[in-house]
Every structure is written in C-alpha cells, then in structure tokens.
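So the chains spell out like this:
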There are 2 protein chains.
Amino acid sequence: MPSADGEIAAIETIRRALPSPPKDEVWIGDDAAVVAVPQDGRLLLAADAVVEGVHFDLDLVDAADVGWKALAVNVSDVAAMGGQPLQALVTVVGASASMIEGLARGLAEAGAAYDCAIVGGDLSAGPCLVVSVAITGTSAPRAPVLRGNARPGDLLFVTGPLGRSAAGLRGLRSRAAGQGTVPDDLADAYRRPVARVAEGRAASSSGASAMIDVSDGLGIDLDRLASASGVGVVLEALPVAPGATADDALGGGEDYELVFAAGDLDAVMDSFAAAGLRLPIMIGACVNNPATRRLGDEPLAATGWLHRLG
Amino acid sequence: MPSADGEIAAIETIRRALPSPPKDEVWIGDDAAVVAVPQDGRLLLAADAVVEGVHFDLDLVDAADVGWKALAVNVSDVAAMGGQPLQALVTVVGASASMIEGLARGLAEAGAAYDCAIVGGDLSAGPCLVVSVAITGTSAPRAPVLRGNARPGDLLFVTGPLGRSAAGLRGLRSRAAGQGTVPDDLADAYRRPVARVAEGRAASSSGASAMIDVSDGLGIDLDRLASASGVGVVLEALPVAPGATADDALGGGEDYELVFAAGDLDAVMDSFAAAGLRLPIMIGACVNNPATRRLGDEPLAATGWLHRLG
C-alpha cells in the first residue's frame, strides 16, 4: 500500500511520462483539471474500466499494454459516436510502483496516438488492479451518431474483419502454455487494440444513421444497435479475419472495429476513400421486422463475451 | 460474475434509480453520453475512486453509503475549485446484484442533492469492489480557484470544524466491536460526507486566492496548498469538532471541508453571510517564508491518512 510519499512519487512518474498542458489549461495536480470545451456546445462523455483477471492477464500482457488498452477502449467509445477524443481522466487502483511506470508509458503512447490529453485522475491502493478511464470527446462539426437511428433499408458496414483479438488471446495462451506460437498481428490485436477514430469520422460524414463499436462481439453489439433502432438485421456474411474462426468473429469481442448503418453505399465508399482509409466491409442490411436477426438463412445469436477471461 | 443478462439487469436497476435526460441530451445507454457544455468555455474535470478495504468497510457502512460517498468526494473536488458539478460517470467493479441496488440509491441521492446528472459509466465483474467516478463541473461566471495562488499575508479559512469523519469512523468501529455507541452526527460525517459546493462558490466570489478540500487531512492538504503557492503557513488554532481529537482534526482526513486563502476578511464574511451559510473559521495566515509550517509555536506536520483503513 503506497504511503503519501509513494503516491506523490507515482503521480510524478505519470506526470513525467505525459505532455504538459497549454498555458490556459490546468492538468494533473489540482483538485480538478481545467480544460477548454468544444466549440459546438456539445460534449461526449464515456467511461470504461479494465480489470485484472477480467479484461487482462498479466501473464499475457505487460503493464504498458494495460495502459494502452485502458485508454484505447475509451477512445473507441468516442469513435463510435463519430467523435474524436479530447481529454481523459485515469484512475489506477492496486498498482505496484513498478507497474505504475509501465502503465504510464502505455497511457502516454495511446494519448499521443489518439491526440487525447490525460489531464487528471486518481491513484489508490487496492486488493486488485483496476484501470478506470473516463473520456471526453467532440463530434463537431457534425452531430453525434447514436446507436438508435438505423432505418429499414440501411446497409450495414464494419470497418474491418473481426475475430483477431480473440484469436490473438488464444494464441498468447497457447504460447504461454508452451504449445505453439502466435502471429504478431493477432497478438497485437489483443494487446494493443486500435480505436477507429478516423473511420468513425468518415462514417459520420457519409451520413451513417447508427454506429456502435464491436467491444463485446458482433452478435451482441449488432443486437444492441438493432434493438435501439427498432429494426431487424440480416447479415450476408461474417467478416472473419485471417487466423480467426467464425466464433471469434461473432462472439469474441474486443475487436473495436465499428459497425454502422448507412443508406448510401457510394457516399460511404467515397468518404472512406477520400480520407485515405481502408474501405469498410458491407455485411448486410437493416429490415422492417424488428425481431429479425439472421446470418444468411440461420438465426443470428445475440451472443458475445461480456467478460472474456471470467 | 454477471452474465450479459445480469449486466443488462444491473444497468436497468441503475437507470431506474436516476432521472431522465432533457431531450437534447443522451445519457446512459449509448457508446458515449452527449451533454451540453458550460457557457464560459471552460470545463472542470476530476476523478476519484473509493475502494473496499481502503476507503470503506462494508461492516460499517452500507452500499448506499458507498454510492453517496463515491459521488460526494468527486463533487468536493469541483467545490474546491469554486465550481458546481454538472455530470458524473460512474464505473462499478465487483459489485453483486444486491449491492448494485444500494449503490444506485446512494448515487441517486447524492446526484439529487448536488444537482449532478449521472450520465453514464461502466459495470464490470472483478475480484474487489471499486466505485470509480469522474465528474465535470463549471466555475462560471468566475475563474476556477486553483491551489497555487495564495499570497503572503492572505488569511486562511476553513468552512467547518474538522475531525468529525475520523471520530465517526472510530465510533463505528467501537460499536461494531460491541464497545459503545457513536453519535449520529459523527457517524453521518463518515458515512455521508458533505461536499461544500455553496461554500466554495462563496469563497470564490469573495476573492479567494487558493482553495483545496480537506480529503487527506488538514496537515497534508494545507501543505499542498502552501507548497503549490510558494508560501508558508502559520495556524493560530486547530478547528477541532466536538467529539473529535486534535489528531482527528489534523490528520484524520475525509472531512471534505474547504480550506482557502483570501486577502479580505470582511469580503469573506459578507459573502458567506449573503449566501446564508455558516461563517468560515479563520485559522491562520500565509507568510513569506515558503518553508514555514507552524501551529502556534509548534511545527505543523504535513501528515494525513492517504488510505485510512490501510
């Protein structure tokens, strides 16, 4: 359990790993941070925690991976609104002094990658390791893309093939058990998930009606989008990544690709191409009957792993 | 560990306990909440977690107390900037279904008491109970009161007597051990701390130069204010609450009264009186020598209990 000195040293470790604020803002070190607000008068707010033994296993990833992931999964929530991140608050519970340094490094790397300022947070002793992040963001100049406005007839897209994270986790476990290797790209998909910020912006500018990130699995996340929108969904095919299985793609979760509905195929493809992005994969369409959940001729189960390691 | 159904049920429990958003905002249920930003272009951001076995003990408090405290300690951070809270994000790790209901009740009570909307968050399984809150706030129409701008010659004030929380905790422990009773007001000071929002506003409007909340103990929190400001501090007396000891007042922590520096005694008293508030207690003054920390003729130790139960 950190002493006062230990806590002060840990805060200094984190502060040193991070950039300094502009002179009209206050970041780490006061009771609250002071930041500028978005010009369009609207703020996105989200929070997500990663918990040892639930969301990560320190036999398979290191502290910097945990720091990266804790921030990236929050950035993904903002991306799924068509937004870009602004600030993050990071609360670390139960980390040793040596772990703090790695966490801070991973957080700083993700903060730099996503242009997201880490402006404050909290450190506490605790019997288990939890990294809890809250994030702000902006969708300006456009309105946020909610998950509940898909319409029958809208096409469904995903920003990349799915199942890489689940396949990566399986490979890391096998390797840890001395039973094989895991391709770097799959291991990285699990250890260092990528939030699709530019893709979310492109989807929004192409008129996406609804969007969600694939955090828990395509089955459950697509069900959430359809249920919130009051539409059914029919998938033509599963976008399974090389090295992954259909189950990985459907229920593995933690891919953090974006699924979105949009009415105009050309507008979607033009928007992604204009932004220099990989084109999204069209996977199906929304239909009138709100009870419909189909993958080809089969029922599409609303399954996903809410707590994959649990 | 919650299943998907358990998580959905828990989110519904929390949502039912809370008010609904205005029609131009989105709260719980999408990837991110969408809220309006303060008119003055500045946002306050803070985060604080409460951890079982560190910040609370479920033998002494109930889940609703934990929910209240988790939000109130964050509101206190905003109050210490001269601000008022706007929105909170709440992440709950490791709570049972039965505990969720109590937590939601306490969070809703604190949200109503402080006019702070709970707009989102996260629920996760976990091996220990953590309630991690992030909060937004505004100090408009005034600038935030930082902790680092106190000047030599400023007077020091505290918004109420100290040590009640520590005395309450001691009393609750004794009672739990079958060794006596504890006055309700002291028990409440520990179980249901009060954030001094109106007092922080009054201090700000009276020209407070620096402010901090007494979360870890007067000794350490006053040292933080003095160190950040580059001034020394000389206290004339300790504001010890009835039923508390001098040690409780100096190092007990968790009182959540505000300590502030201000140059104009009359302006301070007028501002508090005009707001209908209990007048603050003048406890000393800031001095030139930045190394000075005195209580009367004795050295004032920068002690406090960072993790009281640890």
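## Digging into the relation of the copies chain B and chain A
Here is step 1 of the chain: Expressed as a screw transformation, the operator carrying chain B onto chain A has a rotation angle of 180° and an axial translation of 0.0 Å, and the superposed copies differ by an RMSD of 0.0 Å. This pairing of chains is accounted for by a two-fold axis.
Here is step 2 of the chain: Take the interface residues of chain B: 100% of them recur as interface residues in chain A, which is what a same-surface contact looks like.

## Brief notes about the sheet that holds strand S9 (residues 258-262) of chain B
Residues and elements named next belong to chain B.
Here is step 1 of the chain: What the seven strands build is an open sheet, ordered S7-S9-S6-S10-S8-S11-S12; its pairing is mixed. Each having just a single partner strand, strand S7 (210-213) and strand S12 (298-299) make up the two edges of the open sheet.
Here is step 2 of the chain: Contacting S7, strand S8 (232-235), S9 and strand S11 (293-295), helix H7 (residues 218-229) crosses the sheet at an angle of about 150° to S7.

## Here we look at the pairing of strand S3 (residues 84-93) of chain B
All names here are of chain B.
Here is step 1 of the chain: Taken across its 10 residues, S3 has 10 buried, putting it largely inside the fold.
Here is step 2 of the chain: As defined by bridge partners, S3 adjoins strand S5 (residues 130-138) across eight bridges and the pair is classed as antiparallel. Looking at the pairing, Gln84 lines up with Thr138 of S5.
Here is step 3 of the chain: Pairing between S3 and strand S4 (residues 117-124): seven bridges, direction parallel. Residue pairing in the sheet places Ala88 in a bridge with Ile118 of S4.
Here is step 4 of the chain: Viewed along the sheet, the connection from S3 through helix H3 (residues 97-113) into S4 turns out right-handed.

## Regarding the environment of Gly200(A)
Residues and elements named next belong to chain A.
Here is step 1 of the chain: Tracing the sequence through the fold places Gly200 in helix H6 (residues 197-205).
Here is step 2 of the chain: The exposure class assigned to Gly200 is buried, which follows from the 28 C-beta atoms found within 10 Å.
Here is step 3 of the chain: As a C-alpha pair, Gly200 and Gln84 span 116 residues in sequence and 8.6 Å in three-dimensional space.
Here is step 4 of the chain: Discounting chain neighbours no more than four positions away, the residues touching Gly200 are Ala79, Ala80, Gly82, Gly83, Met211 and Leu258.

## Things to note about helix H5 (residues 184-191) of chain B
Here is step 1 of the chain: All of the buried residues in H5(B) are Leu186(B), Ala187(B), Ala189(B), Tyr190(B) and Arg191(B).
Here is step 2 of the chain: On its buried face, H5(B) is in contact with helix H2 (63-79) and helix H4 (164-176) of chain B.

## Side note on the sheet that holds strand S2 (residues 42-51) of chain B
Here is step 1 of the chain: If you trace the five strands from one edge of the open sheet to the other, you get S1(A)-S2(B)-S5(B)-S3(B)-S4(B), paired in mixed fashion. Of all strands in the sheet, those bounded by a partner on one side alone are strand S1 (33-36) of chain A together with S4 of chain B. The sheet shows a mean angle of 20° between the axes of neighbouring strands, taken without regard to direction.
Here is step 2 of the chain: Contacts from H3(B) reach S3, S4 and S5 of chain B, with the element oriented near 155° to S4(B).

## Looking at the domain arrangement of chain A
Accessible area lost on assembly of the parts is the figure often given for the size of an interface.
Residues and elements named next belong to chain A.
Here is step 1 of the chain: Here chain A is partitioned into domain 1 (4-138) and domain 2 (155-299).
Here is step 2 of the chain: In this structure, domain 1 and domain 2 have C-alpha centres spaced 25 Å apart.
Here is step 3 of the chain: Contact residues are listed per partner, giving 17 residues for domain 1 and 21 residues for domain 2.
Here is step 4 of the chain: Broken down by element, the residue count for the side of domain 1 that touches domain 2 peaks at nine residues, all from helix H2 (residues 63-79).
Here is step 5 of the chain: Among the residues making up the side of domain 1 that touches domain 2, the classes are represented as nine nonpolar, four polar and four charged.

About the thresholds
- Residues numbered from 1 in each chain as written.
- Chains lettered and ligands numbered in written order.
- Predicted model: local features only at pLDDT ≥ 70, side-chain atom pairs only at ≥ 80, totals over all residues.
- Least-squares fit on C-alpha atoms with pLDDT ≥ 70 in both.
- Contact = placed C-beta atoms within 7 Å.
- Pairing = 2+ DSSP bridges.
- Helix = DSSP H or I, 4+ residues; strand = E, 2+ residues; numbered from the N terminus.
- Axes fitted to C-alpha atoms, helices over the stretch in contact; angles between N-to-C directions.
- Buried ≥ 20, exposed ≤ 12 C-beta atoms within 10 Å, placed from the backbone.
- Right-handed = clockwise from strand over helix to strand, strands pointing away.
- Domains from an automatic or database assignment.
- Nonpolar A, V, L, I, M, F, W, Y, C, P; charged D, E, K, R; others polar.

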